[in-house]
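A look at the structure
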Amino acid sequence: MKIAVIGTGYVGLVTGTCFAETGNRVICCDIDEEKIEGLNLGRMPIYEPGLETLVDKNTKQGRLRFTTNIKEAVRASDVIFIAVGTPMSRTGNADLSFVKEAAETIGKHLNGYKIIVNKSTVPVGTGRLVASIVRHHAKGNVAFDVVSNPEFLREGEAVRDTMQMERAVIGTDSSRAFEIMEEIHRPFRTKIIHTSIETAEMIKYAANAFLATKLSFINDIALICERVGADVDQVSEGIGADSRIGKSFLQAGIGYGGSCFPKDTAALHYLAKINGFDFKMLEAAIETNFRQREDFVAKIEKTLGSLEGKVISVLGLSFKPNTNDVRYAPSLDVIPMLREKGAMVKAFDPAAISRAKRQLGYQCSYTDDIYEAIQNTDACAILTDWDEVKSLDLNKVKNLLKEPVIIDGRNVFDLDVMAQLGFTYVSIGRPA
Ligand code: UGA
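Residues numbered from 1 in each chain as written. Predicted model: local features only at pLDDT ≥ 70, side-chain atom pairs only at ≥ 80, totals over all residues.

**As for the overall build of the chain**
When helices and strands are tallied, the chain shows 18 helices and 14 strands. Against the 2.2 N^0.38 benchmark of 22 Å for 432 residues, the chain shows a C-alpha radius of gyration of 23 Å, consistent with a compact globule. The dimensions of the chain, computed from C-alpha atoms along their principal axes, are 75 × 50 × 40 Å. The buried share among the 432 residues of the chain stands at 46%. A fraction of 72% describes how many contacts in the chain between residues 6 or more apart in sequence connect residues 24 or more apart. (Helix = DSSP H or I, 4+ residues; strand = E, 2+ residues; numbered from the N terminus. Rg over C-alpha atoms; globule rule 2.2 N^0.38 Å. Buried ≥ 20, exposed ≤ 12 C-beta atoms within 10 Å, placed from the backbone. Contact = placed C-beta atoms within 7 Å.)

Next comes the structure, spelled out in structure tokens:
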């Protein structure tokens, strides 16, 4: 199959590369010349385990190439995936400018039957919108079908999540398009769920909103645990053993971040609102997530008495480990809150410093040496559970800190070990 992928972000680049790996001829395109130039030189624009090897292999074997010439890519392909960004607009709704632009380009260069697939996370109704834009710009009566095929990959696990996908949702009312999409997915030996375009679009939002709500639920339980002397990690283990609940997404902590959950929960809330439904449960999940940040800062303040003039080492700037992505990361909320309360911040991250700097500027100092960050600070605040954090030499940490105080937003360490070492150790939803 000849495939074009418009947009070489996490989703587009990984999806295109994996489709090449399964034997298709794939052209990945982007308007960002620097990014395409880098990819042609083998330079990855994102930090994603396993991706570079796959890109290298498939470009060398001639199945994968990169271009800024979207027109040529459209004309040369049977199936075109739209995988551009849909950032959050001021209303909370998804900004569809890039999707509309892609649809227009596709329409203008449609030179025969093609399948246009929406991979980007888009509000329900966007598939129909894309079809009308393509039809408007297409010359003559060229046939095409629009399919919604949402993405479920996680950053940091993107290649594995795609090569071993748990399901593929294919939303289309065209049997011709469905059969071709089914063929593309055959090598992945996955469960195929065939729906209408609207249902597929809704599945994506519902999946992310459900996971975000599950997390906020356990974070609320954590808060109650703190008040009644229970341990949320054991509560998670206890409830997660029930297969109806499932053990994943029950790690209590400082709350979710990243390019997906904050944006998609806001967009679903907005979608419900403009359709006359007040989605209170989702609103509460969103509020709980922000409260976790505030509560974390309050924990540091309570432990130290006051934050005025204190120096805090913040461990982790990215929204989760194994990525340099800082979009909606806890660090972007927590560091300004600490500053506002008069603290100075020394931040550590092994991969995300340059991206974090663009948002936080001079609000803190930065280092990729974890012990340098900790040295001579009043307390250590863990925001991301990087391996570097999990494998800290705690005796060394104790000697470097002014007082042995750790506030842990990811419940990385064992309570007994910390007590034995003499730390003042405050974590989430566990007895202090
Ligand atoms: C998420 C979904 O998991 C993917 O299925 C989806 O395809 C993707 O969004 C998307 O819409 O593109 P991602 O944002 O990469 O993937 O990150 P996750 O690994 O799901 O983590 C999200 C956040 O939840 C992180 O901040 C993480 O630290 C937090 N989290 C996750 C917890 O605090 N506890 C947990 O138990 C799990």
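**Considering the UniProt feature "active site" (unreviewed entry) in the chain**
Mapped onto this structure's residue numbering, the UniProt feature "active site" (unreviewed entry) falls at C260. Within the secondary structure, C260 is located in the loop between α10 (232-240) and α11 (261-274). Taking the C-beta count within 10 Å as the criterion, C260 has 24 such neighbours and is therefore assigned buried. (UniProt positions renumbered as here; feature names shortened; annotations may be inferred.)

**Details of the site of the ligand**
As a matter of local geometry, the ligand sits amid 20 residues, with E155, Q251, Y256, G258 and C260 nearest to it. Of all the elements, helix α9 (residues 197-228) adds the most residues to the shell around the ligand, at 3 residues. The residue inventory of the shell around the ligand, partitioned by class, reads 10 nonpolar, 6 polar and 4 charged. Split by domain, the residues of the shell around the ligand number at least three in each of domain 1 (2-195) and domain 2 (209-426). (Near = placed C-beta within 6 Å. Nonpolar A, V, L, I, M, F, W, Y, C, P; charged D, E, K, R; others polar. Domains from an automatic or database assignment.)

**Details of the domain arrangement of the chain**
Considered domain by domain, the chain is made up of domain 1 (2-195) and domain 2 (209-426). Inter-centroid distance (C-alpha atoms) of domain 1 to domain 2 is 33 Å. For the side of domain 1 that touches domain 2, a count of residues per class yields 7 nonpolar, 5 polar and 1 charged.

**Re the sheet that holds strand β9 (residues 311-315)**
Sheet architecture is open: 6 strands sit in the order β11-β10-β9-β12-β13-β14, paired in parallel fashion. The outermost strands of the open sheet, each flanked by one partner alone, are β11 (365-367) and β14 (424-426). Here the average twist between neighbouring strands, direction ignored, is 20 degrees. In the sheet, strand β10 (residues 344-348) pairs with β11 via 3 bridges, with the strands oriented parallel. Pairing of A347 across the sheet is with Y366, part of β11. (Pairing = 2+ DSSP bridges. Axes fitted to C-alpha atoms, helices over the stretch in contact; angles between N-to-C directions.)

**Some points on the environment of V146**
The topology assignment puts V146 in strand β6 (residues 144-148). On the neighbour-count criterion, V146 (28 C-beta atoms within 10 Å) is buried. Here V146 is in contact with I116, N118, G127, V130, A131 and I197, once residues within four sequence places are set aside.

**Some details on the nonpolar core**
The tendency in soluble globular proteins is for nonpolar side chains to be buried as a group. Residues A4, I6, I80, F81, I82 and I116 are the most contacted members of the largest nonpolar core, which totals 77 residues. Per-element accounting of this core gives the leading share, 10 residues, to α9. Looking at which domains feed residues into this core, each of domain 1 (2-195) and domain 2 (209-426) supplies at least three. Each residue touching I6, except ones within four places of it in the same chain, is listed here: C29, I70, I80, F81, I82, A83, V84 and A102. Counting 42 residues, the second-largest nonpolar core is a separate cluster that includes L307, L315, V345 and C380. (Core = buried A, V, L, I, M, F, W, Y, C linked by C-beta atoms within 7 Å.)

**Section: unusual backbone geometry**
The phi angle at N322 is positive, at roughly 65 degrees, despite the residue not being glycine. Relative to the elements of secondary structure, N322 occurs in the loop between β9 and α13 (330-340). Even without being a glycine, Y328 presents a positive backbone phi close to 55 degrees. Mapped onto the elements of the fold, Y328 is located in the loop between β9 and α13. Residue Y328 is classed as partly exposed on the basis of its C-beta count, with 19 C-beta atoms lying within 10 Å.

**Things to note about α11**
Counted at 1.5 Å a residue, the expected span for α11 with its 14 residues is 20 Å, and the 20 Å between its end C-alpha atoms agrees. Residues of α11 that are buried: F261, P262, K263, D264, T265, A267, L268, H269 and L271. On its buried side, α11 packs onto α9 and α12 (280-304). Of the residues flanking the end of α11, it is G276, one or two places downstream, whose phi is positive at about 80 degrees. (Expected span 1.5 Å × (residues − 1).)

**Examining the UniProt feature "binding site: substrate" (unreviewed entry) in the chain**
Residues given the UniProt feature "binding site: substrate" (unreviewed entry) here are F152, L153, R154, E155, K204, F249, L250, Q251, A252, G253, G257 and K320. The named residues occupy 169 residues along the chain; their greatest pairwise C-alpha distance, 24.0 Å, places them well apart from one another. The topology assignment puts L153 in the loop between β6 and α7 (158-163). Once you skip the residues sitting within four places of it in the chain, L153 turns out to touch V11, V14, A158, D161 and T162. Since 23 C-beta atoms lie within 10 Å of it, E155 is described here as buried. With residues up to four places along the chain from it excluded, the contact list for E155 reads Y10, G258, T323 and D325.

**Some details on helix α1 (residues 10-21)**
With 12 residues, α1 should cover 16 Å at 1.5 Å per step; its first-to-last C-alpha distance of 16 Å lies within 8% of that length. Restricting attention to buried positions, one finds in α1 the residues Y10, V11, G12, L13, V14, T15, G16, T17, C18, F19, A20 and E21. Following α1 by one or two positions, G23 adopts a phi angle in the positive range, close to 105 degrees.

**Here's the deal with the pairing of strand β13 (residues 405-408)**
Here β13 shows a buried face lined by V405 and I407 and a second buried face lined by I406 and D408. One ladder, built from 3 bridges, connects strand β12 (residues 379-382) with β13; its direction is parallel. Each bridged residue has a counterpart across the sheet, and for C380 the counterpart in β13 is I406. Note: β13 against β14, 3 bridges, orientation parallel. Within the sheet, the bridge partner assigned to I407 lies in β14 and is V426. Regarding the hand of the β-α-β motif, the stretch spanning β13, helix α18 (residues 415-421) and β14 is right-handed. (Right-handed = clockwise from strand over helix to strand, strands pointing away.)

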